[in-house]
Amino acid sequence: MPIIYLSPSTQDWNMYVTGSGSEEYNMNLLADALVPYLLSNGIQYKRNRPEMTAASSIREANAGYYDFYLALHSNAAPEGHYGEERGIIAFYYPGSSQGQRAAELIAEELRKIYPLPGKVTTRPTTTLGEVRQPNAPAVLVEIGYHDNYSDAVWLEGHWDAIAQQLARALTRFFGLPFIYPMDPVGGTVRVNYGTLNLRSYPSSTGTVLANMPDGAAVTVYGEWQGWYVVHYGNYVGYAAAAYIDT
């Protein structure tokens, strides 16, 4: 199953015009809203921490193995034009076909909920470290302008909707079905003989990640067409729901 590095902004000095707090604070609210969608869709993650910087986030990501690097930010207009800009920009590194594809998927999904869809764009850049330096395909998405009152109010009222659209883009990127979150529940594998396969995709053709014996304890994060998204040991995958008691 895929694993991403999730990097909400660590810029605690960029304040929202509404007085709701900093870019760091608000992008962590968005990351909080995104986590249940990641879990329900079998996407594992590691997340940076507020005391970190963009540079240390990149170093931590590059010290491990990740399938994707997602940086969450909100924007601000240049000095002299504060409050005058609106829109969403998904940045990617030029030459990264996977980064560009992910940026386009993110933009496509966010256009469905942003009030000015024509202002949701993608843009290649060589100047942003969080798309230039990660080993994994990377996107830095600037979601609205926190110095614009209309954008800031929209952001503060739509964390869950934004998180859902980001998750939809990620599932499309990884070729997975989108699954709505549910409250995680404990489960127990129930098979009369042999083991229950934990698979990489909700299909009998999905790669087997682990074999779960009768009585194995699991955590169920989501359900889709007779399959559960299951956490078992160090693995996250899909298992036939008929063989798990919850």
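So, here's what we can say about the structure.

What counts as what
Residues numbered from 1 in each chain as written. Predicted model: local features only at pLDDT ≥ 70, side-chain atom pairs only at ≥ 80, totals over all residues. Heavy atoms only, no water. Helix = DSSP H or I, 4+ residues; strand = E, 2+ residues; numbered from the N terminus. Rg over C-alpha atoms; globule rule 2.2 N^0.38 Å. Buried < 20%, exposed > 50% of the residue type's maximum accessible area, 1.4 Å probe, protein only. Contact = heavy atoms within 4.5 Å. Areas by Shrake-Rupley, 256 points an atom, 1.4 Å probe, with all protein chains shown as cover. Lys, Arg positive; Asp, Glu negative; His and termini not counted. Charge placed at Lys NZ, Arg CZ, Asp CG, Glu CD. Pairing = 2+ DSSP bridges. Axes fitted to C-alpha atoms, helices over the stretch in contact; angles between N-to-C directions. Polar contact = N/O pair within 3.5 Å; in protein donor to acceptor, adjacent residues only side chain to side chain. Expected span 1.5 Å × (residues − 1). Phe/Tyr/Trp six-rings, centres within 6.5 Å; stacked < 30°, edge-to-face > 60°. Lys NZ or Arg CZ within 6 Å of the ring centre and 35° of its normal.

1. Considerations on the overall build of the chain
Now for step 1: Helix and strand counts for the chain stand at 6 helices and 13 strands.
Now for step 2: On C-alpha atoms alone, the chain measures out to a radius of gyration of 19 Å, which is about the 18 Å that the 2.2 N^0.38 rule sets for 246 residues.
Now for step 3: Here the chain holds 246 residues, and 51% of them are scored as buried.
Now for step 4: The contacts in the chain between residues at least 6 apart in sequence include a share of 71% that link residues at least 24 apart.
Now for step 5: Just so you have it, the chain exposes about 10,900 Å², and 48% of that area is on carbon and sulfur atoms.
Now for step 6: Counting 15 positive and 23 negative side-chain charges, the chain places the centres of these two groups 7 Å from one another.

2. Description of the sheet that holds strand S2 (residues 44-47)
Now for step 1: If you walk across this open sheet you meet the 6 strands as S2-S1-S3-S6-S4-S5, and the pairing is mixed. The open sheet terminates on both sides in strands that have one partner only, identified here as S2 and strand S5 (120-124). For this sheet, the mean inter-axis angle between neighbouring strands, taken without regard to orientation, is 25 degrees.
Now for step 2: The pairing of strand S1 (residues 3-8) with strand S3 (residues 68-75) spans 5 bridges and is parallel. Directly across from Tyr5, in S3, lies its bridge partner Tyr69.
Now for step 3: Across the sheet, helix H1 (residues 23-40) lies against S1, S2, S3 and strand S6 (138-145), angled at about 140 degrees from S3, the strand it touches most.
Now for step 4: Those strands touched by helix H6 (residues 159-174) are S1, S3 and S6, and its axis lies near 150 degrees from that of S3.

3. Describing the environment of Phe68
Now for step 1: Structurally, the position occupied by Phe68 is in strand S3.
Now for step 2: For the pair Phe68 and Ala167, spaced 99 residues apart in the sequence, the C-alpha separation amounts to 13 Å.
Now for step 3: The residues touching Phe68, leaving out its near neighbours within four places in the chain, are Ile3, Ile4, Tyr5, Ala102, Ala136, Pro137, Ala138, Val139, Leu170, Phe173 and Phe174.

4. Looking at the environment of Leu166
Now for step 1: Relative to the helices and strands, Leu166 is located in helix H6.
Now for step 2: Spatially, the C-alpha atom of Leu166 lies 20 Å from that of Arg49, the residues being 117 residues apart in sequence.
Now for step 3: Residues within four places of Leu166 in sequence aside, it is in contact with Leu30, Leu34, Leu72, Ile106, Leu110 and Ile143.

5. Remarks on the pairing of S6
When a strand is regular, its side chains alternate between the sheet's two faces.
Now for step 1: In terms of burial, S6 is a largely internal element, 8 of the 8 residues being buried.
Now for step 2: Of the pairings in the sheet, the one linking S3 to S6 comprises 6 bridges and is parallel in character. Bridged to Tyr69 within S6 is Ala138.
Now for step 3: Strand direction decides the pairing type here: strand S4 (residues 88-92) and S6, joined by 4 bridges, are antiparallel. Residue Ile89 lies in a different strand from S6, and its bridge partner there is Glu142.

6. Things to note about the side chain of Ser74
Now for step 1: Note that Ser74 resides in strand S3.
Now for step 2: For Ser74, a relative accessible area of 2% corresponds to the buried category.
Now for step 3: Within the structure, the side chain of Ser74 is placed 2.9 Å from the side chain of His146, a separation counted as a polar contact.
Now for step 4: Those residues in contact with Ser74 that sit more than four places away from it in its chain are Tyr16, Glu23, Met27, Glu142, Ile143, Gly144, His146 and Leu155.

7. Some thoughts on helix H3 (residues 97-111)
Note on helix geometry: an α-helix contains 3.6 residues per turn, so any two residues three or four positions apart are oriented the same way.
Now for step 1: Here H3 spans 21 Å end to end across 15 residues, near enough to the 21 Å set by a 1.5 Å rise per residue.
Now for step 2: Taken together, the buried residues of H3 touch S3, S4, S5, S6 and H6.

8. Details of the packing of aromatic side chains
Now for step 1: In total, this model carries 7 aromatic pairs according to the counting rule given.
Now for step 2: Their ring planes at 75 degrees and their centres at 5.1 Å tell us that Phe173 and Phe174 sit as a pair that is edge-to-face.
Now for step 3: When its relative accessible area of 9% is taken as the criterion, Phe173 is described as buried.
Now for step 4: A residue is classified by how much of its surface remains accessible, and Phe174, at 22% relative accessible area, is partly exposed.
Now for step 5: The rings of Tyr5, Tyr66 and Tyr69 are connected pair by pair, giving a single aromatic cluster.
Now for step 6: The ring of Phe178 is capped by Arg168, whose NZ or CZ atom sits 4.0 Å from the centre of that ring.

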